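# Residue-level structural notes
One letter stands for each residue in the lines below.
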Amino acid sequence: MDALYAAASSQQEAIDESYELEIDAAGKCTLRAATDAGALHGMESFTQLLQRPTEGGGGVTLDFLPVTITDAARFPHRGLLIDSSRHFLPVSEILLVIDSLPMSKFNVLHCK
């Protein structure tokens, strides 16, 4: 049980998840982050700026140029609880929830 507590408490440590994302009018993109976690959050924000055209065809566009995003986590622990002991969820739905956690920059998943 001590190892489980140690693993959970290590998530509470403050990690610098800040980043700065700059995209100029020409489309040049610069991402600055102090840690890997900050870089991952910055790349997630970059992908959220991309838009697919409503008409057919591949590719994506960036319609909001130039843009500068400076972001940092307000709290070191941002978690979501899946209470499967009270509410049955199929595995497919749990996997969808897990896949969507990085989009909202959650860093802890609690399962009960």
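Structure: see above.
Rules used in this analysis
- Residues numbered from 1 in each chain as written.
- Predicted model: local features only at pLDDT ≥ 70, side-chain atom pairs only at ≥ 80, totals over all residues.
- Heavy atoms only, no water.
- Patch = residues over 30% accessible without salt bridge, like charges linked within 9 Å, V, L, I, M, F, W, Y side chains within 5 Å.
- Areas by Shrake-Rupley, 256 points an atom, 1.4 Å probe, with all protein chains shown as cover.
- Salt bridge = Lys/Arg side-chain N within 4 Å of Asp/Glu carboxyl O.
- Helix = DSSP H or I, 4+ residues; strand = E, 2+ residues; numbered from the N terminus.
- Pairing = 2+ DSSP bridges.
- Buried < 20%, exposed > 50% of the residue type's maximum accessible area, 1.4 Å probe, protein only.
- Polar contact = N/O pair within 3.5 Å; in protein donor to acceptor, adjacent residues only side chain to side chain.
- Contact = heavy atoms within 4.5 Å.
- Axes fitted to C-alpha atoms, helices over the stretch in contact; angles between N-to-C directions.

Together, Val91, Leu95, Ile98 and Leu109 line one region of the surface with nonpolar side chains, adding up to about 330 Å² of accessible area. The biggest single contributor to the nonpolar patch is helix 3 (residues 91–100), with three residues.

Moving on: the pairing of strand 2 (residues 29–33). Sheet topology note: the strand 1 (residues 19–23)/strand 2 ladder contains five bridges and is antiparallel. Residue pairing in the sheet places Ile23 in a bridge with Cys29 of strand 2. In sequence, strand 1 turns back onto strand 2 through a hairpin of five residues, with Gly27 there showing a positive phi of about 95°.

With respect to the helices, strands and loops of the structure, Arg78 is situated in the loop between strand 3 (67–71) and strand 4 (79–82). Exposure remark for Arg78: the relative accessible area of 16% places this residue in the buried category. Within polar-contact distance, the side chain of Arg78 engages the backbone oxygen of Lys105 at 2.9 Å. Once you skip the residues sitting within four places of it in the chain, Arg78 turns out to touch Glu17, His41, Ala73, Lys105, Phe106, Asn107 and Val108.

What follows concerns the sheet that holds strand 1. Read from one edge of the open sheet, three strands run 2-1-3, paired in antiparallel fashion. Looking at the sheet topology across the chains shown, the edges are occupied by strand 2 and strand 3. Within this sheet the neighbouring strands show an average axis-to-axis angle of 5°, counted without direction. In this structure, strand 1 lies alongside strand 3, joined through five bridges in antiparallel fashion. Bridge pairing in strand 3 links Glu22 to Thr68. Sheet strands in contact with helix 2 (residues 36–49) are strand 1, strand 2 and strand 3, and its direction is about 35° off that of strand 1.

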